[in-house]
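Residues per chain, in single letters:
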Amino acid sequence: MKTFKMLSLELLKDEQLTSYPLTDGIIINQENSHKSWILEMYMDRQYASDFAPYLGTDTILTVRAVISYPDNEPASFRVVVQDIVQMPEENYVSVLLKGTLNSGRRQYAEQLLLELVEEGLTGNALLEKFKADMRTRPRLKNSANQNNSI
């Protein structure tokens, strides 16, 4: 197993990304035959209501997390909500997610570049928009059905 510090988490719901401020977070690559990952977030309890409807269901959520360093590209995961635990500190919960890493994220740059070229961007405008979008990682129009756009 390998463990990593999780710095931020975003949930994709209804084609919108919602960011959650974390007090702390950890990601564990279980390095097993199922290629399983565990994501645990320690966060303000107000955000538990966003995850609670999925607890005890097999609903697969798409999330993306920044691991280890703020400048790292977000990693996209397909997860289920495994547990939500109220912490002794009244205002905090632990949200436990389990799932797999989306393997298609390596193609994001190429798909983004294609979209920007199709929009007619060239030269410095293309370069600046590409750099900005690589940082913010917006959902791509051309890959909405491919589950690898974030």
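Calculation notes
Residues numbered from 1 in each chain as written. Predicted model: local features only at pLDDT ≥ 70, side-chain atom pairs only at ≥ 80, totals over all residues. Heavy atoms only, no water. 1 Å grid on protein atoms, 1.4 Å probe; cavity = no way out; pocket = protein on both sides within 12 Å on 5 of 7 lines; lining within 4 Å. Points joined across faces, edges and corners; volume = space filled by probe spheres on them. Helix = DSSP H or I, 4+ residues; strand = E, 2+ residues; numbered from the N terminus. Nonpolar A, V, L, I, M, F, W, Y, C, P; charged D, E, K, R; others polar. Pairing = 2+ DSSP bridges. pLDDT = per-residue confidence, 0-100. Contact = heavy atoms within 4.5 Å.

1. Concerning the layout of surface pockets
Reported here for the largest pocket is a volume of approximately 240 Å³. What lines the largest pocket is a set of 13 residues, and nearest its centre among them are Val66, Pro70, Asn72, Pro74 and Arg135. Contributions of two or more residues to the lining of the largest pocket are made by strand E1 (2-13), strand E5 (61-67) and helix H3 (123-136). Element by element, the count of residues in the lining of the largest pocket is highest for E1, at three residues. Here the lining of the largest pocket is built from residues that sort into five nonpolar, three polar and five charged.

2. Some points on the pairing of strand E4 (residues 36-44)
Relative to E4, strand E3 (residues 24-29) runs antiparallel, the two sharing six bridges. Residue pairing across strands places isoleucine 27 opposite leucine 39, the latter belonging to E4. If you look at the hairpin formed by E3 and E4, you'll find six residues sitting between the two strands, and glutamate 31 has a positive phi there, around 45°. Relative to strand E7 (residues 92-101), E4 runs antiparallel, the two sharing nine bridges.

3. Description of the confidence of the model for the protein chain
Looking at the protein chain as a whole, its pLDDT mean stands at 87, while 92% of the residues score no less than 70. Scored below 50 in pLDDT, residues 144-150 makes 23 contacts in the model with residues more than four places away or belonging to other chains.

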